[in-house]
Amino acid sequence: DTSPIKQDNDKTAKLEVFVADSTGKKLTTNHGVKINDDQNSLKAGDRGATLLEDFILREKITHFDHERIPERVVHARGSGAHGVFKVYEDMSDITRAAFLCDPGVETPVFVRFSTVAGSRGSTDLARDVRGFAVKFYTQEGNFDLVGNNMPVFFIQDAVKFPDLVHAVKPEPDNEMPQAASAHDTFWDFISFMPESAHMIMWLMSDRAIPRSYRMMEGFGVHTFRFVNASGVASFVKFHWKPLLGVHSVAWDEAQNISGKDPDFHRRDLWDAIEAGAFPEWELGVQIVAEEDEFKFGFDLLDPTKLIPEELVPVQRIGKMTLNRNPDNFFAETEQVAFHVGHVVPGIDFTNDPLLQGRLFSYTDTQLIRLGGPNFHEIPINRPVVPVNNNQRDGYMRQTINRGKTSYGPNGIAANDPQQATAADGGFVSYNERIDAKKIRARSRSFFDHFSQARLFFNSQSDAEKNHLTDALSFELGKVKTVAVRERMLGLLNHVDKGLAAAVAYALGLHVPVIPLEELNGSVPADADPADYSPEQ
Ligand code: HEM
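Quantities reported herein were computed from a predicted structural model and do not represent experimental measurements.

Colleague: Looking at this structure, how should I read the overall build of the chain?
Modeller: Check the secondary structure of the chain and you find 13 helices and 10 strands. Its C-alpha atoms give the chain a radius of gyration of 26 Å, within 12% of the compact-globule value 24 Å for 536 residues. With the principal axes as the frame, the chain shows a C-alpha extent of 80 × 70 × 45 Å. In the chain, once contacts between residues fewer than 6 apart in sequence are set aside, the share between residues at least 24 apart is 71%.

Colleague: So what exactly am I meant to see when it comes to the environment of V246 here?
Modeller: Of note, V246 is situated in the loop between β7 (233-242) and α6 (251-260). Since 14 C-beta atoms lie within 10 Å of it, V246 is described here as partly exposed. Separated by 132 residues in the primary sequence, V246 and I378 place their C-alpha atoms 34 Å from one another. Ignoring any residue separated from it by four or fewer positions in sequence, one finds V246 in contact with M215, M216 and E217.

Colleague: Help me understand helix α10 (residues 451-459), please; the structure alone is not making it clear to me.
Modeller: Residues separated by three or four positions in an α-helix point in the same direction, a consequence of the helix having 3.6 residues per turn. Within α10 the residues assigned to the buried category are Q452, A453, F456 and F457. Buried positions in α10, seen along its axis, are confined to an arc of 145° and lie on one side of it. The exposed residues of α10 that point more than 90 degrees off its buried face are N458 and S459.

Colleague: What is the right way to read the confidence of the model for the chain from this model?
Modeller: For any part of a model where pLDDT is low, the fine detail of the predicted coordinates should not be relied upon. Put simply, the chain has an average pLDDT of 95, and 96% of its residues get 70 or more. Ignoring residues within four places in sequence, the model shows residues 1-9, a span with pLDDT below 50, making 11 contacts including any to other chains. Scoring of the predicted complex yields 0.95 for pTM and 0.93 for ipTM.

Colleague: Please clarify how the packing of helix α4 (residues 184-191) against helix α12 (residues 482-495) should be interpreted in this entry.
Modeller: Angle between the axes and distance between the axes are the two parameters that describe a pair of packed helices. The contact between α4 and α12 brings their axes to 9 Å, and the two run at 40°. Compared by their axis directions, α4 and α12 come out oblique. The element α4 and its partner α12 pack so that their crossing is left-handed. Contacts between α4 and α12 involve D184, W187, D188, I190 and S191 from the first element and V484, R487, M488 and L491 from the second. When the residues that make up the contact of α4 with α12 are grouped by side-chain class, the tally is five nonpolar, one polar and three charged.

Colleague: When you look at the site of the ligand in this model, what are you seeing that I'm missing?
Modeller: Close to the ligand lie 28 residues; R72, H75, R112, G131 and S361 are nearest. Sort the elements by how many residues they give to the shell around the ligand and helix α9 (residues 353-369) lands first, with eight residues. Residue composition of the shell around the ligand, by class: 14 nonpolar, 10 polar and four charged.

Colleague: I keep staring at the packing of helix α3 (residues 161-168) against α4 and nothing clicks. Help me out?
Modeller: With their axes 7 Å apart at the nearest point, α3 and α4 run at an angle of 145° to one another. Facing α3, whose interface residues are D163, L164, A167 and V168, α4 presents T185, F186, D188 and F189. Grouping the amino acids of the contact of α3 with α4 by side-chain chemistry returns five nonpolar, one polar and two charged.

Colleague: Please clarify how the nonpolar core should be interpreted in this entry.
Modeller: Among soluble globular proteins, nonpolar side chains are generally buried collectively. With 104 residues, the main nonpolar core has V109, M201 and V503 as its most contacted residues. Residues in contact with V109, not counting those within four places in the same chain, are G83, V84, F85, V134, K135, F136, Y137 and M320.

Colleague: Teacher, can you tell me more about the pairing of strand β2 (residues 106-115) here?
Modeller: Taken residue by residue, a regular strand's side chains alternate between the two faces of the sheet. Of all the 10 residues making up β2, 10 are buried; the element is thus mostly covered by neighbouring parts of the structure. Here β2 shows a buried face lined by E106, P108, F110, R112 and S114 and a second buried face lined by T107, V109, V111, F113 and T115. Both strand β1 (residues 78-87) and β2 contribute to a ladder of nine bridges, which runs antiparallel. Residue pairing across strands places K86 opposite E106, the latter belonging to β2. As paired elements, β2 and strand β3 (residues 130-138) share seven bridges and run antiparallel to each other. Residue pairing across strands places F110 opposite K135, the latter belonging to β3.

Colleague: Looking at this model, I keep getting lost on the pairing of strand β6 (residues 224-227). Mind explaining?
Modeller: The pairing of β6 with β7 spans four bridges and is classified as antiparallel. For R225, the partnering residue across the bridge sits in β7 and is F235. Following β6, the chain reverses through five residues before pairing antiparallel with β7; G231 in that reversal takes a positive phi of roughly 85°.

So, how was this worked out
Residues numbered from 1 in each chain as written. Predicted model: local features only at pLDDT ≥ 70, side-chain atom pairs only at ≥ 80, totals over all residues. Helix = DSSP H or I, 4+ residues; strand = E, 2+ residues; numbered from the N terminus. Rg over C-alpha atoms; globule rule 2.2 N^0.38 Å. Contact = placed C-beta atoms within 7 Å. Buried ≥ 20, exposed ≤ 12 C-beta atoms within 10 Å, placed from the backbone. Arc of directions from axis to C-beta. pLDDT = per-residue confidence, 0-100. Axes fitted to C-alpha atoms, helices over the stretch in contact; angles between N-to-C directions. Parallel < 35°, antiparallel > 145°, perpendicular 65-115°, else oblique. Left-handed = near helix turned anticlockwise from the far one by under 90°. Nonpolar A, V, L, I, M, F, W, Y, C, P; charged D, E, K, R; others polar. Near = placed C-beta within 6 Å. Core = buried A, V, L, I, M, F, W, Y, C linked by C-beta atoms within 7 Å. Pairing = 2+ DSSP bridges.

Structure representation (structure tokens):
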């Protein structure tokens with residue numbers, strides 16, 4: 001039965017086993033002993049000292065003392081919801097991913113929206129990127145599309161991610177500011193990072209202050225691969241298109257809302273779902289045939305570039321509906337563990353150096369955030385299909401494997417799991433040809449940082465351009481170090497001279513002319529700068 005209710009219930013039923021129902025039940029300790037009084041501690045006499053013997057007091061307080069887990073190192077502030085996804089048409093000509101090949105199948109999903117920089121208790125309306133992470137509980141295992149509401153990223157290589165995040169997080173000496181990018185360390189880092197120019201245009205635009213999570217686009221950012229049953233691969237960019245359209249608030253509204261209701265986006269999502277106004281997105285894909293890899297003026301592996309929709313239209317291939325709020329924030333929204341490396345047969349990676357680093361980072365961070373190697377057994381992270389392998393033990397292990405099945409090949413146990421061929425649905429990595437020397441350097445095709453930044457700026461209406469100019473003026477106006485403001489003006493001048501002049505005017509500064517070859521990473525050391533000077 002593939003009806004939405006049944007399939008959603010399948011996931012719900014899996015979780016249901018773990019739901020505690022205390023209706024009509026007596027209070028007990030963790031070990032099942034009924035408690036007759038948990039409001040008074042055990043004392044020596046009427047006014048006497050509390051006794052160490054009081055196991056009821058000790059258990060209650062000890063558990064409380066250990067309630068907190070570390071918040072996510074980024075994307076700490078988030079809101080989640082359950083839903084379903086359904087593909088419109090069979091996509092088997094481009095991917096063998098089963099959930100994209102059968103319009104009759106409805107796949108349960110769990111989605112977490114987030115801000116990036118602020119801590120768990122920070123305001124929803126900060127000027128920031130928004131996370132848009134979707135876990136598809138498919139019949140072939142979990143597929144996570146861990147994206148953002150902007151189609152590009154700040155940096156081209158994962159090795160810079162700790163620097164970026166340290167710069168954007170509250171400053172190390174005084175832990176300020178809490179949830180905004182307006183501070184010296186962030187702009188100092190960006191001023192040395194011309195590859196951020198495109199992302200900065202998005203971040204200073206209205207996209208960074210959405211009206212609602214229900215009204216945001218989502219993007220997988222990296223170029224991924226689809227692979228069909230014959231092994232033929234194509235490149236794919238993923239998009240989420242909100243059926244309510246894309247809407248933002250103005251900066252003054254954002255600041256007012258932050259003061260009056262820091263939970264504004266969280267409340268909006270929760271209330272809409274409670275009211276039955278289920279938010280919907282269409283899943284879009286831009287497909288590029290493998291032989292067209294080099295036909296663009298930018299590198300498909302460069303995460304600071306998008307594929308303009310004029311060049312490759314977005315095909316809408318399915319719809320996601322969020323229809324159920326979580327029962328428990330901690331158990332679901334906090335403990336969910338997304339990972340860009342969770343793919344199913346038919347979806348594969350590319351060599352985008354940001355994606356490659358992410359493939360390491362997520363499990364690594366979740367090992368500490370969720371307390372060890374068994375966090376896949378937490379109800380929200382369990383797939384809807386059975387898990388069979390030779391892993392065992394570790395902190396908080398729940399599964400009880402029977403018999404002598406913890407290794408392979410195994411000639412003793414009758415119940416040891418066997419490897420699956422591709423025909424059996426086994427994941428087989430795409431057979432990409434690689435024949436190269438090891439090198440630690442920026443790819444030669446990753447050097448144009450300004451063409452798409454300018455493309456984005458020019459795509460804005462006059463009102464939007466004004467908002468973007470005001471945002472930069474406001475943000476850089478908070479920066480105390482004049483040299484940082486000036487370096488930023490020098491960078492903006494390469495995006496758009498009018499924009500740089502307008503921001504300089506607001507800051508009471510002149511625009512310094514910084515030649516392209518003096519901007520770190522804008523021209524390869526052995527190249528003619530003229531070859532890297534985009535039109536303006
Ligand atoms: C968390 C997106 C780049 C490391 C997240 C989350 C999203 C996201 C949506 C929140 C997941 C959730 O709601 O639980 C992205 C996107 C990126 C990007 C779209 C670039 C295109 C990176 C890079 C790294 C990284 C380059 C490291 C090399 C992390 C970590 C977390 C995280 C450590 C916390 C995960 C957890 O504790 O569960 N990212 N990220 N991200 N990201 Fe990324």
